[in-house]
Amino acid sequence: MSNEIKPDELLNKIDYAPASGNWMDTTGSVQIRPGMYCYAAKAESVQTLSLPNARPWNPLEEDWKLPDNWQEIIFQAMKERLERFRTFKVFMDICVRCGACADKCHFFLGTGDPKNMPVLRAELLRSVYRNDFSTAAKILSKIPGGKALAGARPMTLSVLKEWWYYFFQCTECRRCSVFCPYGIDTAEITIMAREIFNLLGLNIDWIATPVSNCFKTGNHLGIQPHAFKDMLEFFVEDIESLTGVNCTPQFQKKGADILFITPSGDVFADPGTYTCQGYLILFKYLKDKYGLDVTWSTYASEGGNFGFFTSHETMKRLNAKMYAEARRLGVKWILGGECGHMWRVIHQYMDTMNGPADFLEIPKNPITGTVFENAASTKMVHITEFTADLIKHGKLELDKSRNADRIVTFHDSCNPARGMGLLDEPRYVIQNVCDNFYEMPPNTIREQTFCCGSGSGLNAGENMELRMAGALPRANALKYVHKKFGVNTLGTICAIDRATLTTMCEYWVPDVQVYGVHELVGNALILPGEKKRTENLRLEPMTGFEEEDDE
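Residues numbered from 1 in each chain as written. Predicted model: local features only at pLDDT ≥ 70, side-chain atom pairs only at ≥ 80, totals over all residues. Heavy atoms only, no water.

Here strand β8 (residues 489-492) shows a buried face lined by Thr 489 and Gly 491 and a second buried face lined by Leu 490 and Thr 492. In terms of strand pairing, β8 meets strand β9 (residues 513-516) through 4 bridges, oriented parallel. Residue pairing for β9: Thr 489 is matched across the bridge by Gln 513. In this fold, the crossover linking β8 to β9 by way of helix α23 (residues 495-508) has right-handed handedness. (Buried < 20%, exposed > 50% of the residue type's maximum accessible area, 1.4 Å probe, protein only. Helix = DSSP H or I, 4+ residues; strand = E, 2+ residues; numbered from the N terminus. Pairing = 2+ DSSP bridges. Right-handed = clockwise from strand over helix to strand, strands pointing away.)

Structure representation (structure tokens):
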């Protein structure tokens, strides 16, 4: 897409003028076109997960090969969820359509499509709720014109296709919820819609296949244990050539202090691979200096959880593997890598899904003595919390000058920021390993951070126009600090971000590179016994060090 539509051309396509006609008319809103949608899930991936209606289908075709009773399936699914989830029922009823959320969605800002306003996207589902479940709407429908007044409409095939199109143009980032005076969490509405899609066999492949892989092999990429181990050993070789130190990790060690789990993207996808090397360097340092015993697992080899984008039950199944492995290995607690949705699942869903994890200890840093009370129930600590604690207590020897050529800003990943409140720790780490740090504008960071535009399983290749449009608000804030301060590095703590923001930067701000926070840590950390370093983890010359060698 980036070769077909140039940035200026994409900007010129945005039109914020309200369309004429009734928003409930689906005539123009179900024109599904390439560049704006993800491919249908493969039948074999759906079968692996025992989800209904596995078959080949194509969203561009008229016939989606739905079950004969698909309308009844939707009705029963909504009924069950309205009874089970109190929040869903409340969110269906309390919206007053004030519009506070309207201009907060990155997809609306990037496309100008009014049905990407969170309030109107939710109305697509509420309209059917009012038709089938709302008492007030049923009363109104008995008077002439009352059904239109209530905003109610029956479930038709066109309405279903409209649902599918727009609920896969939501990354569940929850920025809109920050501004909602009633606290409506539109992500929860999107989750319910996607659960219903799964009951009809309407998942997308970029979600269903990673979930299927994770269910079979323990990670989204379908990496077998030996391949996972081999990849880390490749990293060990690269680190040793750079530092002269062997950072070989432990695998499946029973009785280790900590089980470390990170997204599989950190193991197989640049630039996450450099972040992974940063982890290895950190754990080697802590082992040699303080005897900290960290183990990796080739079975629980995925911290991310695409089940979060599928259904509550699938999310629960995939989350369970991490705790099952922690129990099997007899570790004290779990340390998690730089991931996004992994941390909303752990922080907000773990206890009611799989927990509390009473067989593990309340996490305590054996080096500093800090007790992580926020993880008292989940028994799982974010690595930036852990590293920030080490730095605060003076336990790491760092050389900031190794990152001298990095002028850094920080992208708050949606789920750790809004779902976990992890705001200061990553910044604290960055400021202790880099000299040059600048914030993007205040209304684009922290709780108000803009999404990467490709989260919740939308980071496919076929929907690139949608992704670049959705990334526009983040890119605009990045471009501002790039021009004002010379920022050339966008730091983040999410594996999906590291992949998707790289594409965003190539398209919108090509002079900026994406780094994981622990890649910067790996550059700065001085390993015991290391040789003089002249290159960073990307094997690029470090500013100032090559001149010293020449002398």
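Before going further, it helps to spend a moment on the domain arrangement of the protein chain. Domain assignment breaks the protein chain into domain 1 (7-30 + 52-202) and domain 2 (211-524). Taken over C-alpha atoms, the centre of domain 1 sits 32 Å from the centre of domain 2. Opposite the 30 residues of domain 1 that make contact, domain 2 presents 32 residues. Taking both partners together, domain 1 and domain 2 bury about 2,500 Å²; carbon and sulfur atoms supply 62% of that area. The three residues of domain 1 that bury the most area against domain 2 are Leu 10, Arg 174 and Arg 175, which together make up 22% of that side's buried surface. Counting the contacts that link domain 1 with domain 2 gives 3 salt bridges. One salt bridge connects Glu 465 with Lys 13, and the closest N-O pair in it is separated by 2.6 Å. Inspection of the region where domain 1 meets domain 2 yields 11 residue pairs in polar contact (both at pLDDT 80 or more). Going through the elements one at a time, α1 (7-12), α5 (106-111), α10 (175-179) and α11 (186-200) are the ones with two or more residues in the side of domain 1 that touches domain 2. Per element, the largest residue contribution to the side of domain 1 that touches domain 2 is 7 residues, and it comes from α11. (Domains from an automatic or database assignment. Contact = heavy atoms within 4.5 Å. Buried area = accessible area lost by both parts, 1.4 Å probe. Salt bridge = Lys/Arg side-chain N within 4 Å of Asp/Glu carboxyl O. Polar contact = N/O pair within 3.5 Å; in protein donor to acceptor, adjacent residues only side chain to side chain.)

Moving on: the sheet that holds β9. Pairing between sheet strands relies on hydrogen bonds along the backbone, with the strands arranged either parallel or antiparallel. If you trace the 4 strands from one edge of the open sheet to the other, you get β7-β6-β8-β9, paired in parallel fashion. A strand with exactly one partner marks an edge of an open sheet, and here the two such strands are β7 (436-437) and β9. Across 2 bridges, the pairing between strand β6 (residues 407-410) and β7 is parallel. Across the sheet, the residue bridging to Ile 407 is Asn 436, located in β7. Each of β6 and β7 is contacted by helix α20 (residues 424-433), which is oriented at about 175 degrees to β6, the strand it contacts most. Against the sheet, helix α24 (residues 517-524) engages β6, β8 and β9, with an angle of about 75 degrees to β9. (Axes fitted to C-alpha atoms, helices over the stretch in contact; angles between N-to-C directions.)

Taken together, the 5 strands give an open sheet; going across it, the order is β1-β3-β2-β4-β5, and neighbouring strands pair in parallel fashion. Edge positions in the sheet fall to β1 (250-251) and β5 (380-382), since each of these pairs with one other strand and no more. Alignment of strand β2 (residues 258-261) against strand β3 (residues 294-296), held across 3 bridges, turns out to be parallel. Of the residues in β3, the one forming a bridge with Leu 259 is Thr 295.

Another aspect to go through is helix α17 (residues 341-353). With 13 residues, α17 extends just 15 Å between its outermost C-alpha atoms, more than 12% less than the 18 Å of an ideal straight helix rising 1.5 Å per residue. Maximum bend of α17: about 45 degrees, positioned at His 347. (Expected span 1.5 Å × (residues − 1). Bend = angle between axes of the 7 residues up to and from the residue.)

The final tally for this structure, using the stated rule, is 35 salt bridges. Put simply, Arg 344 and Glu 188 hold a salt bridge, and the shortest N to O gap is 3.7 Å. Remark: Glu 188 occurs in helix α11 and Arg 344 occurs in helix α17; sequence separation between them is 156 residues. Of the two residues examined, Arg 344 and Glu 188, each falls in the buried class. Residue Glu 338 pairs with Arg 498 through a salt bridge whose shortest N-O separation is 2.8 Å. Here the residue Glu 338 occupies a position in the loop between β4 (333-336) and α17, and Arg 498 occupies one in helix α23, the gap between them amounting to 160 residues. Each member of the pair, Glu 338 as well as Arg 498, carries the same accessibility label: buried.

Within the structure shown, the criterion is met by 21 aromatic pairs. For the pair Phe 283 and Trp 296, a centre-to-centre distance of 6.3 Å together with 75 degrees between the ring planes defines the contact as edge-to-face. Of this pair, Phe 283 sits in helix α15 (residues 272-290) while Trp 296 sits in strand β3, and the two are 13 residues apart along the sequence. The pair formed by Phe 283 and Trp 296 is uniform in burial state, with each residue classed as buried. One aromatic cluster is present, built from ring pairs that chain together Trp 57, Trp 64, Trp 164, Phe 168 and Phe 197. Over the face of the ring belonging to Phe 359 we find Arg 327, whose NZ or CZ atom lies 3.9 Å from the ring centre. Taking the ring centre of Tyr 515 as reference, the NZ or CZ of Arg 538 above it sits at 3.8 Å. (Phe/Tyr/Trp six-rings, centres within 6.5 Å; stacked < 30°, edge-to-face > 60°. Lys NZ or Arg CZ within 6 Å of the ring centre and 35° of its normal.)

Our focus in this paragraph is helix α22 (residues 472-485). In this model, α22 (14 residues) spans 20 Å end to end at C-alpha, consistent with the 20 Å of a helix rising 1.5 Å per residue. For α22, the full list of buried residues reads Leu 472, Pro 473, Arg 474, Ala 475, Ala 477, Leu 478 and Val 481. Considering only its buried residues, α22 is in contact with α1, α5, β6, α21 (464-470), β8 and α23.

Our focus in this paragraph is the side chain of Arg 427. Here Arg 427 is to be found in helix α20. Among the residues examined, Arg 427 registers a relative accessible area of 4% and is labelled buried. In this structure the side chain of Arg 427 is engaged in a polar contact, spanning 2.5 Å, whose partner is the side chain of Glu 439.

Bringing the side chain of Asn 536 into the picture now. The residue Asn 536 is located in the loop between α24 and α25 (545-550) in this model. Those residues in contact with Asn 536 that sit more than four places away from it in its chain are Leu 242, Tyr 515, Asn 523 and Met 542.

Counting through the fold element by element, Phe 308 comes out in the loop between β3 and α16 (312-329). For Phe 308 and Leu 318, which are 10 residues apart along the polypeptide, the C-alpha to C-alpha distance reads 9.1 Å. Those residues in contact with Phe 308, other than ones at most four positions away along the chain, are Glu 172, Ile 191, Met 315, His 341, Arg 344, Val 345, Tyr 349 and Asn 415.

This paragraph deals with the packing of helix α12 (residues 205-217) against α16. For the pair α12 and α16, interaxial distance at closest approach is 10 Å and the crossing angle is 40 degrees. Looking at the two axes, α12 sits oblique to α16. For the pair α12 and α16, the crossing hand works out as left-handed. When α12 is examined against α16, the residues Val 211, Cys 214 and Phe 215 are found in contact with a partner set consisting of Thr 314, Arg 317, Leu 318 and Lys 321. (Parallel < 35°, antiparallel > 145°, perpendicular 65-115°, else oblique. Left-handed = near helix turned anticlockwise from the far one by under 90°.)

Counting residues in each nonpolar core, the largest one holds 74 residues, and the members touching the most others are Phe 283, Leu 286, Trp 296, Tyr 323, Leu 335 and Phe 386. With 9 residues, α15 is the single largest residue contributor to this core. Setting aside anything within four residues of it in sequence, one finds Phe 386 in contact with Leu 286, Leu 292, Trp 333, Leu 335, Asn 365, Phe 372 and Val 381. Trp 164, Ile 189, Phe 197 and Ala 208 belong to the second-largest nonpolar core, a separate cluster that totals 71 residues. (Core = buried A, V, L, I, M, F, W, Y, C linked by side-chain atoms within 4.5 Å.)

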